[in-house]
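Below are the chains, spelled out letter by letter.
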Amino acid sequence: GGKGVATTLGVVLGVHPWVALVVVLVFVVGVLLTRWVAAGSTLGALALVGAAVLVLLDRAPGDGWTAGWLLVLAAIVLWRHRANAVAWWRQRRISS
């Protein structure tokens, strides 16, 4: 586990280092707050969505292709972590 997210991060780091920095920071904070790597990965993917929105709004460097690429990467990571999200949701509902 984690190889896909690590590969995604490596690709983003090579093409858009500022996005990679934000994603890593979000990932680390997510893991520290939840103590769950899957949550950090999911939050990092959501940070990719946020970066894509900033690009589309001309608040960050890039163009439509950049935003689309970031959204596709985020969608892949989120899709691959869907079972983790369901498990987390069920765990939260049972423990409350």
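Before going further, it helps to spend a moment on the overall build of the protein. A count of helices and strands for the protein gives five helices and zero strands. Scanning the protein from its N terminus toward the C terminus, one meets helices and strands in the order α-α-α-α-α. A compact globule built from 96 residues should have a C-alpha radius of gyration of about 12 Å, and the protein, at 14 Å, falls within 12% of that. Referenced to the eigenvectors of the C-alpha coordinate spread, the extents of the protein come out at roughly 45 × 25 × 20 Å. Relative to its full complement of 96 residues, the protein shows a buried share of 28%. In the protein, the proportion of contacts linking residues at least 24 apart, taken out of those at least 6 apart, comes to 55%.

The subject of this paragraph is unusual backbone geometry. Peptide bonds are mostly trans, and most non-glycine residues show a negative phi. The phi angle at Arg35 is positive, at roughly 60°, despite the residue not being glycine. Residue position: Arg35 is located in the loop between helix 2 (17–34) and helix 3 (37–56). Judged by relative accessible area, which is 79%, Arg35 ranks as exposed. Unusually for a residue other than glycine, Asp58 sits at a positive phi of about 60°.

Turning our attention to the nonpolar core. If you look at the biggest cluster of nonpolar residues, it comprises 14 residues, and the most contacted ones within it are Val12, Val19, Val23, Leu48 and Leu70. If we skip the residues at most four places from it in the chain, Val19 touches Val12, Leu48, Ala51 and Leu70.

Another point: a nonpolar patch on the surface. On the surface, Leu9, Val24, Val28 and Leu32 cluster together into a nonpolar patch covering about 320 Å² of accessible area. Looking at the nonpolar patch, the element that brings in the most residues is helix 2, giving three residues. When you line up the elements, Val24 lands in helix 2. Exposure remark for Val24: the relative accessible area of 33% places this residue in the partly exposed category.

This part takes up the environment of Trp88. Tracing the sequence through the fold places Trp88 in helix 5 (residues 82–95). Put simply, Trp88 and Val49 are 39 residues apart on the chain and 21 Å apart in space, counted from C-alpha to C-alpha.

On to the packing of helix 1 (residues 3–15) against helix 2. Packed helices, taken two at a time, are described by their axes: the angle between them and the distance between them. Relative to each other, helix 1 and helix 2 sit at 140°, their axes nearing to 5 Å. As the angle between them shows, helix 1 and helix 2 are arranged oblique. Listed contacts from helix 2 to Leu9, Val12, Leu13 and Val15 of helix 1 are Pro17, Val19, Ala20, Val23 and Val24. Of the residues that constitute the contact of helix 1 with helix 2, the class distribution is nine nonpolar, no polar and no charged.

The rules behind these values
- Residues numbered from 1 in each chain as written.
- Predicted model: local features only at pLDDT ≥ 70, side-chain atom pairs only at ≥ 80, totals over all residues.
- Heavy atoms only, no water.
- Helix = DSSP H or I, 4+ residues; strand = E, 2+ residues; numbered from the N terminus.
- Rg over C-alpha atoms; globule rule 2.2 N^0.38 Å.
- Buried < 20%, exposed > 50% of the residue type's maximum accessible area, 1.4 Å probe, protein only.
- Contact = heavy atoms within 4.5 Å.
- Core = buried A, V, L, I, M, F, W, Y, C linked by side-chain atoms within 4.5 Å.
- Patch = residues over 30% accessible without salt bridge, like charges linked within 9 Å, V, L, I, M, F, W, Y side chains within 5 Å.
- Areas by Shrake-Rupley, 256 points an atom, 1.4 Å probe, with all protein chains shown as cover.
- Salt bridge = Lys/Arg side-chain N within 4 Å of Asp/Glu carboxyl O.
- Axes fitted to C-alpha atoms, helices over the stretch in contact; angles between N-to-C directions.
- Parallel < 35°, antiparallel > 145°, perpendicular 65-115°, else oblique.
- Nonpolar A, V, L, I, M, F, W, Y, C, P; charged D, E, K, R; others polar.

In short, the description is geometric, and any link to function would need to be established separately.
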